[in-house]
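Observations on the three-dimensional arrangement
Single-letter residue listing:
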Amino acid sequence: MTNPQHADATGEDDPTQIVLRSVRLSAAPYLPPPVLNAIHITDSYLHVNHASFSSTYCHSEPSVSMLSALLSAYVVLRLIQGLQFWWTSTTKRSTAHLSGEEDAVLSGLSQKSKTDTKSAQDDDVPSFDETVVLCGASGAGKTALLHCLCTETDGDSYQPPMTTTSLVANVAYMNVTSSDNADEETKHETEAVRLVDYPGHPSLSTKLTSLLLPDQTARVVFTVDATKPVTDGVAILYKSILTNNQVRKAWKASGKTLSILIVCTKEDDKKAKNHKRMKIQIRNELDRLRKVDSAMEDVTGNGSTPMSIAKGKTIDLDDLGPDMPQLHFVETGLGNQGGDNGLKAVREFVRTGDLI
């Protein structure tokens, strides 16, 4: 058995031990008594019961060695996370530099409408009457909702596949039942609505605006995760839609009103908040962003128009004001079995723009 005194004696010339001891002695005056007591108890226990381990692997300073290892592991973890964010923001995953046919994010979008009969017959892409954009923050359930909307069930027996964060827009087509009053020729035609599931990665937010113009989309489905804070999702809603100059001017010039269905997803989760509570949180976050914009002197130079609200008033989500989008709220829980999971309301909005 190794003699602790011998270990201490041989460890006097160990540079690592000298550094650890210096750190402990330097930090001691700034540490509260309970922490100092815990360090003393830990060191004493390891010196008495695990002397060989303490001298060999901890340089006779067990507590400082373990704390240093934990701190080093945390620094390495944060460094890796920073490198991952840098890689995502600066490499080919970011498509802000692409345009036209080279746009990797929107490469799956076919610009065929129902009037393009010849081109629609040349490939497997169906013709469509309208486009509905699904957008929101990453992980808000856009892709899972897309799968459910394109499946002719109400979700009672259908479970959406596992999805991952995407950096490319997904495109799908949902059939729209022809009207019963249609003539025999058009009654057998298959009408469709194109669904564009736009990725919620922050580096791709600049491309979203081009899809929200009246000549590109008929209405918008905006997903918000009911189990998480609304900050990220509301930031996209505020900056890319509600205060975006290009979007607001285009819809005003068209004489139409943009209709947005805010879908509070994952309501089948026990941690989820109902749509009434979510509505309050969304209103508060929008109001906070509006106040920040109003306090900025150069707000009109950054491509946005602040929401004009009377002094002392808060945002009314049921009436945002003239030339502003109309917001509607619904909650969905794709895991709810045998009950209303909200898909009927979303599907009706996608097909007709109406609410059940």
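Sequence order as written defines residue numbering, which begins from 1 separately in each chain. Totals for whole chains, interfaces and linings use every residue, but because this is a predicted model, local features are given only for residues with pLDDT of at least 70 and side-chain atom pairs only at 80 or more, for both listing and counting. Only hydrogens and water are set aside; all other atoms, that is, all heavy atoms of the structure, feed into the side-chain values.

A word on the overall build of the protein
Our working definition: What counts as a helix is a DSSP run of H or I of at least four residues, what counts as a strand is a run of E of at least two, and both are numbered from the N terminus. Relative accessibility decides the category of a residue: with a 1.4 Å probe and only protein chains considered, values under 20% of the type maximum give buried, values over 50% give exposed, and everything between is partly exposed. For the accessible areas, the method is Shrake-Rupley and the probe is 1.4 Å, while residue cover comes only from the protein chains on display.
In terms of helices and strands, the protein carries 13 helices and 6 strands. Residues classed as buried in the protein amount to 38% of the 356 residues present. A total accessible area of about 20600 Å² is found for the protein, and carbon and sulfur atoms account for 54% of it.

Regarding the environment of Val263
Selection criterion: Contact between two residues is taken to exist if any of their heavy atoms lie within 4.5 Å; hydrogens are not considered.
In this fold, Val263 is placed in strand E5 (residues 259-265). Distance from Val263 to Thr223, taken between C-alpha atoms, is 4.7 Å for residues 40 residues apart in sequence. Those residues in contact with Val263 that sit more than four places away from it in its chain are Leu145, Val221, Phe222, Thr223, Val224, Val330, Thr332 and Val346.

Some points on the nonpolar core
Note the cut-off: Here the nonpolar core consists of buried residues drawn from Ala, Val, Leu, Ile, Met, Phe, Trp, Tyr and Cys, with membership extended through side-chain atoms lying within 4.5 Å.
Within the largest apolar cluster, 38 residues are counted, with the highest numbers of intra-cluster contacts made by Phe222, Ile260, Ile262, Ile282 and Leu286. Elements that contribute at least two residues to this core include exactly strand E1 (130-136), strand E4 (219-225), helix H10 (231-242), helix H11 (245-254), E5, helix H12 (275-294) and strand E6 (326-331). Of the residues forming this core, the biggest block, 6 residues, is contributed by H10. Aside from chain neighbours lying at most four places away, what touches Ile260 is Val220, Phe222, Leu237, Ile241, Pro325, Gln326, Leu327, His328 and Phe349. If you look at the next biggest cluster of nonpolar residues, it comprises 22 residues, including Met174, Leu334, Leu343 and Phe349.

A few points about H12
So the rule is basically this: Given the number of residues in a helix, its expected span is that number minus one, multiplied by 1.5 Å. Any pair of nitrogen or oxygen atoms within 3.5 Å is treated as a polar contact; in protein, a donor-acceptor pairing is required on top of that, and neighbouring residues in sequence qualify only through side-chain atoms on both sides.
Over its 20 residues, H12 extends 28 Å from the first C-alpha to the last, a length consistent with the 28 Å expected when each residue adds 1.5 Å. Buried within H12 are the following residues: Met278, Ile282, Glu285, Leu286, Asp287, Leu289, Arg290 and Asp293. The inward-facing, buried residues of H12 abut E4, H10, E5 and E6. A side-chain oxygen of the first residue of H12 lies 3.1 Å from the backbone nitrogen of Lys276; this N-cap is Asn274.

Some words on a nonpolar patch on the surface
What counts here: Surface patches are drawn from residues lacking salt bridges whose relative accessible area is over 30%; two like charges belong together within 9 Å, two nonpolar side chains (Val, Leu, Ile, Met, Phe, Trp, Tyr) within 5 Å. Salt bridge, as used here: a side-chain nitrogen of Lys or Arg that lies within 4 Å of a carboxyl oxygen of Asp or Glu.
Residues Leu31, Val35 and Leu36 make up a contiguous nonpolar surface patch of about 190 Å² in total accessible area. Assignment of secondary structure puts Val35 in helix H3 (residues 33-49). Judged by its relative accessible area of 35%, Val35 is partly exposed.

Observations concerning the sheet that holds strand E3 (residues 191-197)
Heads up, the rule is: When DSSP finds at least two bridges between two strands, those strands are taken to pair. The axes used here are C-alpha line fits, helices contributing only the stretch in contact, and every angle between their N-to-C directions lies in the interval 0 to 180 degrees.
The sheet built from 6 strands is open, its strands ordered E2-E3-E1-E4-E5-E6 with mixed pairing. The sheet terminates laterally at strand E2 (170-176) and E6, the two strands that pair on one side only. Each adjacent strand pair in this sheet contributes to an overall mean axis angle of 25°, direction not counted. Alignment of E2 against E3, held across 7 bridges, turns out to be antiparallel. Bridge pairing in E3 places Tyr173 opposite Arg194. Each of E1, E4 and E5 touches H10; the most contacted strand, E4, lies at about 155° to it. Along the sheet face, H12 touches E4, E5 and E6 and points at about 140° away from the line of E6.

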